[in-house]
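# Per-entry structural report
These are the residues of each chain, in order.
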Amino acid sequence: MALPCALFGYFVPFVHLVQFAKNIPLDSDDSQNGQKAAFLMACIGITSGLGRLFFGRVSDLPAFRRNGNRIILQQAAFFAMGVCTMLMTVAQFCEGFEYQTLLTICCVMGLFDGCFVTLLGPIAFDLCGPAGAGQAIGSLLALFSVPMTVGPPIAGIIYDKVGDYTPAFLAAGVPPIVGSLLMFAIRRFPPKEDTDDNVEVNREITIHKAEAEQIQRNESQSALENERHDDQYDHTQSMGTSGTVLA
């Protein structure tokens, strides 16, 4: 439940960032102001792609692959995204450097967004094993739908009531931080029974695969022996025919 809790504020910057930046504003010219605000979203997208490549590589290091340590990266990602969402409200106080401040925050946020996205599968595999990973990811995506859908409208309602995005962005930064802290419960209360069941299921799958491969090898060997027997029979028949003709 830590991930659904963390995602209540996840989509708020993606939906409201452009309007928030326009309201600061980033430039005295309306056209330039709109372009700069829109580029912030492009910046998050670009750095998110880079973050997926970088953190995907990092998560494959032996230090993170063992003992479920990939969860630490996921916790860091959520914590950083929550802090970045809150820090966006500081940009309006950086006179003359509003755009540069937001751009830096968006770059950092995009990197950790890529970390969050790319680690969903590996962490599900680590916790649930190969047999349960698919079901775990499907359940997570179903749980994600509610908080990710509810968060942005609530932020919009706050803006309509207050007339300022600051309370909405500050509130949106809290759930990711809380979710990152809740993920400590994964280590505090490990699913021992589920782990044992997954080990047993994986062992049975391995045994069935080995049996299937052995049957396939036996069938191939039998086919080769039959082919050799047929070749020998044909050769014997041809030798007998040749002897009859010579006689």
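Every value quoted in this text rests on a predicted model; they were computed, and no experiment measured them.

## Brief notes about the overall build of the protein chain
When helices and strands are counted, the protein chain shows ten helices and zero strands. Put simply, the protein chain runs from its N terminus to its C terminus through helices and strands in the order α-α-α-α-α-α-α-α-α-α. Out of the 247 residues in the protein chain, the part that is buried amounts to 35%. Of the contacts formed within the protein chain by residues at least 6 apart in sequence, a portion of 79% connects residues at least 24 apart. Counting only carbon and sulfur atoms, one obtains 63% of the accessible surface of the protein chain, whose full area is about 14600 Å².

## Some thoughts on the side chain of Thr166
Its place among the elements puts Thr166 in helix H8 (residues 166–182). Here Thr166 falls in the buried class, since its relative accessible area comes to 17%. Engagement of the side chain of Thr166 in a polar contact is seen with the side chain of Asp164, the distance being 3.2 Å.

## Re a nonpolar patch on the surface
Taken together, the side chains of Phe8, Val146, Val150 and Ile154 define a hydrophobic patch exposed on the protein surface, amounting to about 310 Å² of accessible area. Its location among the elements puts Val150 in helix H7 (residues 120–162). Its relative accessible area of 31% is what places Val150 among the partly exposed residues.

## Thoughts on the confidence of the model for the protein chain
Detailed conclusions should not be drawn from predicted coordinates in areas where pLDDT is low. Residues of the protein chain with pLDDT of at least 70 account for 83%, and the chain-wide mean is 82. Mean pLDDT values over the elements of the protein chain span from 63, in helix H10 (residues 192–246), up to 93, in helix H6 (residues 98–118).

## Some points on the packing of aromatic side chains
Across all of its chains, the model carries twelve aromatic pairs by this definition. Their ring planes at 85° and their centres at 5.8 Å tell us that Phe11 and Phe14 sit as a pair that is edge-to-face. Assessed through its relative accessible area of 31%, Phe11 is described here as partly exposed. Ring centres of Tyr165 and Phe169 lie 5.9 Å apart, and the angle between their planes is 80°; this geometry places the pair in the edge-to-face category. Taken together, the ring pairs connect Tyr10, Phe11, Phe14, Phe78, Phe116 and Phe144 into an aromatic cluster. When the ring centre of Tyr99 is taken as origin, the NZ or CZ atom of Lys36, which lies over that ring, is 5.2 Å away.

## A short note on the nonpolar core
Leu17, Phe20, Leu26, Leu40, Met88, Leu102 and Cys106 are the most contacted members of the largest nonpolar core, which totals 23 residues. Looking at this core, the elements with two or more residues in it are helix H2 (12–23), helix H3 (30–59), H6 and H8. Sorting elements by how many residues they give to this core places H6 first, with five residues. The next biggest cluster of nonpolar side chains, apart from the first, holds 20 residues, and it includes Ala2, Phe55, Leu119 and Met183.

## Focus: unusual backbone geometry
Residue Pro25 is reached from Ile24 by a cis peptide bond, and omega for that bond is -15°. Turning to its location among the elements, Pro25 is positioned in the loop between H2 and H3.

## With respect to H2
In this model, H2 (twelve residues) spans 16 Å end to end at C-alpha, consistent with the 16 Å of a helix rising 1.5 Å per residue. Buried within H2 are the following residues: Val12, Pro13, His16, Leu17, Phe20 and Ala21. Projected onto a plane normal to the axis of H2, the buried residues spread over an arc of 145° and lie on a single side. Where H2 is buried, its residues meet H3, helix H5 (70–87), H6, H7 and H8.

## Quick word on the pattern of salt bridges
Enumeration according to the criterion identifies three salt bridges in this entry. Measuring nitrogen to oxygen at the nearest pair gives 3.2 Å for the salt bridge that ties Asp27 to Lys36. The class of Asp27 is partly exposed, set by a relative accessible area of 22%. Overall, Lys36 belongs to the partly exposed group, its relative accessible area being 22%. A salt bridge links Arg70 to Asp126; the shortest N-O distance between them is 2.8 Å. Residue Arg70 is located in helix H5, and its partner Asp126 is located in helix H7; the two are separated by 56 residues in the primary sequence. Overlapping salt bridges bring together Asp60, Arg70 and Asp126 as one network.

So, how was this worked out
Residues numbered from 1 in each chain as written. Predicted model: local features only at pLDDT ≥ 70, side-chain atom pairs only at ≥ 80, totals over all residues. Heavy atoms only, no water. Helix = DSSP H or I, 4+ residues; strand = E, 2+ residues; numbered from the N terminus. Buried < 20%, exposed > 50% of the residue type's maximum accessible area, 1.4 Å probe, protein only. Contact = heavy atoms within 4.5 Å. Areas by Shrake-Rupley, 256 points an atom, 1.4 Å probe, with all protein chains shown as cover. Polar contact = N/O pair within 3.5 Å; in protein donor to acceptor, adjacent residues only side chain to side chain. Patch = residues over 30% accessible without salt bridge, like charges linked within 9 Å, V, L, I, M, F, W, Y side chains within 5 Å. Salt bridge = Lys/Arg side-chain N within 4 Å of Asp/Glu carboxyl O. pLDDT = per-residue confidence, 0-100. Phe/Tyr/Trp six-rings, centres within 6.5 Å; stacked < 30°, edge-to-face > 60°. Lys NZ or Arg CZ within 6 Å of the ring centre and 35° of its normal. Core = buried A, V, L, I, M, F, W, Y, C linked by side-chain atoms within 4.5 Å. Expected span 1.5 Å × (residues − 1). Arc of directions from axis to C-beta.

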